[in-house]
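The lines below spell out each chain.
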Amino acid sequence: MSTLHVIRLRGPWQFTPLARFVAESSGDSVRLVESTDGLPPSGQLQMPADWSELLGREFRGRVEYRRRFGRPTGIDSGRRVWLVCDGADAWAALTLNGQRLGDVDGPAARAEFDITERLQERNEITATVECPRRTDDGQGVDRGNRTSLPGGLIGETRLEIRDG
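All values reported here derive from a predicted model rather than from experimental measurement.

1. Brief notes about the pattern of salt bridges
Considering all chains together, one arrives at 19 salt bridges under this definition. Close ionic contact of Arg8 with Glu156 constitutes a salt bridge, the shortest N to O distance being 3.2 Å. Taken together, the positions of Arg8 in strand S1 (residues 3-8) and Glu156 in the loop between strand S10 (122-131) and strand S11 (157-163) put the pair 148 residues apart, joining distant regions of the chain. By relative accessible area, Arg8 is classed as partly exposed at 44%. One salt bridge in this structure joins Glu160 and Arg158, with 2.8 Å as the shortest N-O distance. For the pair shown, Glu160 and Arg158 are each scored as buried.

The structure is reproduced here in structure tokens:
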């Protein structure tokens, strides 16, 4: 499987803060509670990047990123188009044109999705990023050496056209 062509999806990406995670103490444990009060404004940015410049280094929560692109040309039956993301901190759910593709499970996790059959003339990728990733009981997942750093789509996101 060789890569014939790479299309880097660096920008501009639109972003919208969806929720802020606020620490709430209850006995001996701390839960992350979701709040939509006082969210920073939406905007656009170039990728890859964390959200520190636009949302602040202390922001923890859920942010939706969107990027539109056209269908790559010159794709014949022997070639496939893959969406590749080289990492999200702490976690991201990816969709293409409203159809769920899968997850990016961390800053060093590479995720690849064959999107050939899902491509339209005009397309939109959505990445919903949570930092930190919350468990069902509201606990934050350990982020290792990134605990004090802001989240976001910190790895490159690109299309790779490969031999089928």
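Don't stop here, the text continues.
2. Some details on the nonpolar core
Ranked by size, the top nonpolar core spans 31 residues in total, and within it Trp51, Tyr65, Phe69, Leu83, Leu94, Ile115 and Leu153 carry the most contacts. Counting residues per element, the ones that place at least two in this core are strand S2 (13-26), strand S5 (61-70), strand S6 (79-85), strand S7 (91-96), strand S8 (99-104), strand S9 (111-114), S10 and S11. It is S10 that provides the largest number of residues to this core, a total of four residues. Among all residues touching Leu94, those that are not within four sequence positions of it are Leu83, Cys85, Gln99, Arg100, Leu101, Gly102, Val104, Phe113, Thr126 and Ala127.

3. What to know about the pairing of S9
In the case of a regular strand, side chains alternate between the two sheet surfaces. On S9, burial follows the alternation: Ala111 and Phe113 on one face are buried, whereas Glu112 and Asp114 on the facing-out side are not. Strand direction decides the pairing type here: S6 and S9, joined by four bridges, are antiparallel. Among the inter-strand pairings, Cys85 is bridged to a residue of S9, identified as Ala111.

4. What about the side chain of Arg162?
With respect to the element layout, Arg162 can be found in strand S11. A distance of 3.1 Å separates polar atoms of two side chains, one belonging to Arg162 and the other to Glu112.

5. Overview of the environment of Pro107
Topologically, Pro107 is positioned in the loop between S8 and S9. Residue Pro107 is classed as partly exposed on the basis of its relative accessible area of 32%. As for Pro107 and Arg146, which are separated by 39 residues in sequence, their C-alpha atoms are 8.6 Å apart. Beyond its immediate stretch of four places on either side in the chain, Pro107 contacts Asp86, Gly87, Ala88, Asp89, Ala90, Arg146 and Ile154.

6. Things to note about the pairing of S7
The buried count for S7 comes to six of six residues, which makes it a mostly enclosed element. Judged by which residues are buried, S7 turns out to be covered on both faces: Trp91, Ala93 and Thr95 on one side and Ala92, Leu94 and Leu96 on the other are all buried. The pairing of S7 with S10 spans six bridges and is classified as antiparallel. What sits directly across from Trp91, in S10, is Glu130. Two strands pair when backbone bridges link them, and S7 and S8 are joined in this way by five bridges, in the antiparallel orientation. Note that in S8 the partner of Ala93 across the bridge is Asp103.

Calculation rules
Residues numbered from 1 in each chain as written. Predicted model: local features only at pLDDT ≥ 70, side-chain atom pairs only at ≥ 80, totals over all residues. Heavy atoms only, no water. Salt bridge = Lys/Arg side-chain N within 4 Å of Asp/Glu carboxyl O. Helix = DSSP H or I, 4+ residues; strand = E, 2+ residues; numbered from the N terminus. Buried < 20%, exposed > 50% of the residue type's maximum accessible area, 1.4 Å probe, protein only. Core = buried A, V, L, I, M, F, W, Y, C linked by side-chain atoms within 4.5 Å. Contact = heavy atoms within 4.5 Å. Pairing = 2+ DSSP bridges. Polar contact = N/O pair within 3.5 Å; in protein donor to acceptor, adjacent residues only side chain to side chain.

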